[in-house]
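Understanding the architecture of this molecule
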Amino acid sequence: QVQLVESGGGLVQAGGSLRLSCAASGRTFSSYAMGWFRQAPGKERDLVTAIRWATGTTYAADSVKGRFTISRDIVKNMVYLQMNSLKPEDTAVYYCAAGRDSYVLRLVEYDYWGQGTQVTVSS
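Here's a quick rundown of the structure. Please read all numbers here as calculations on a predicted model, not as lab measurements. (Residues numbered from 1 in each chain as written. Predicted model: local features only at pLDDT ≥ 70, side-chain atom pairs only at ≥ 80, totals over all residues. Heavy atoms only, no water.)

**As for the layout of surface pockets**
- There is about 200 Å³ of room inside the largest pocket.
- For the lining of the largest pocket, the elements supplying multiple residues, two or more each, are β4 (32-39) and β5 (46-52).
- Examining the composition of the lining of the largest pocket, we find that 3 residues originate from one element, β5, more than from any other.
- Of the residues that constitute the lining of the largest pocket, the class distribution is 6 nonpolar, 3 polar and 6 charged. (1 Å grid on protein atoms, 1.4 Å probe; cavity = no way out; pocket = protein on both sides within 12 Å on 5 of 7 lines; lining within 4 Å. Points joined across faces, edges and corners; volume = space filled by probe spheres on them. Helix = DSSP H or I, 4+ residues; strand = E, 2+ residues; numbered from the N terminus. Nonpolar A, V, L, I, M, F, W, Y, C, P; charged D, E, K, R; others polar.)

**Some points on the pattern of salt bridges**
- Taken as a whole, this structure holds 4 salt bridges when the rule is applied.
- Between Arg 38 and Asp 90 there is a salt bridge, with the nearest N and O atoms lying 2.9 Å from each other. A residue pair is termed long-range when its members are at least 10 positions apart, and Arg 38 in strand β4 and Asp 90 in the loop between β8 (78-83) and β9 (92-100) qualify at 52 residues. In terms of burial, Arg 38 and Asp 90 fall into one category: buried.
- For the salt bridge of Asp 62 with Lys 65, the shortest nitrogen-to-oxygen distance reads 3.2 Å.
- On the basis of relative accessibility, which here comes to 66%, the residue Asp 62 falls in the exposed class. (Salt bridge = Lys/Arg side-chain N within 4 Å of Asp/Glu carboxyl O. Buried < 20%, exposed > 50% of the residue type's maximum accessible area, 1.4 Å probe, protein only.)

Everything listed here is a matter of coordinates, which is why it stays silent on function.
Structure (structure tokens):
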């Protein structure tokens, strides 16, 4: 049974940094992609960034390019989201997700989800 457990959320001032972690277990992820999504109150859940487990190839939404970095540790089965230069509009619940890899990384369909971690950026 696949489990994804996020940690590292919290309250930070605008301009600050946070690092989210996602512990993945329950299967081998070599043919999977891992993604970080976020959902703000009253808004849809959006893909923020994704990474191919096998190659480390990444995708990032325009809104976070140059500020957020996704990475993975294939030995520890961990996925990380380093968030720098945070803005109040980054406030959301952040979710880790896993799905079978696709030719187009940003179009991966995700089957497994974590419980989410709250990130709040104050102005």
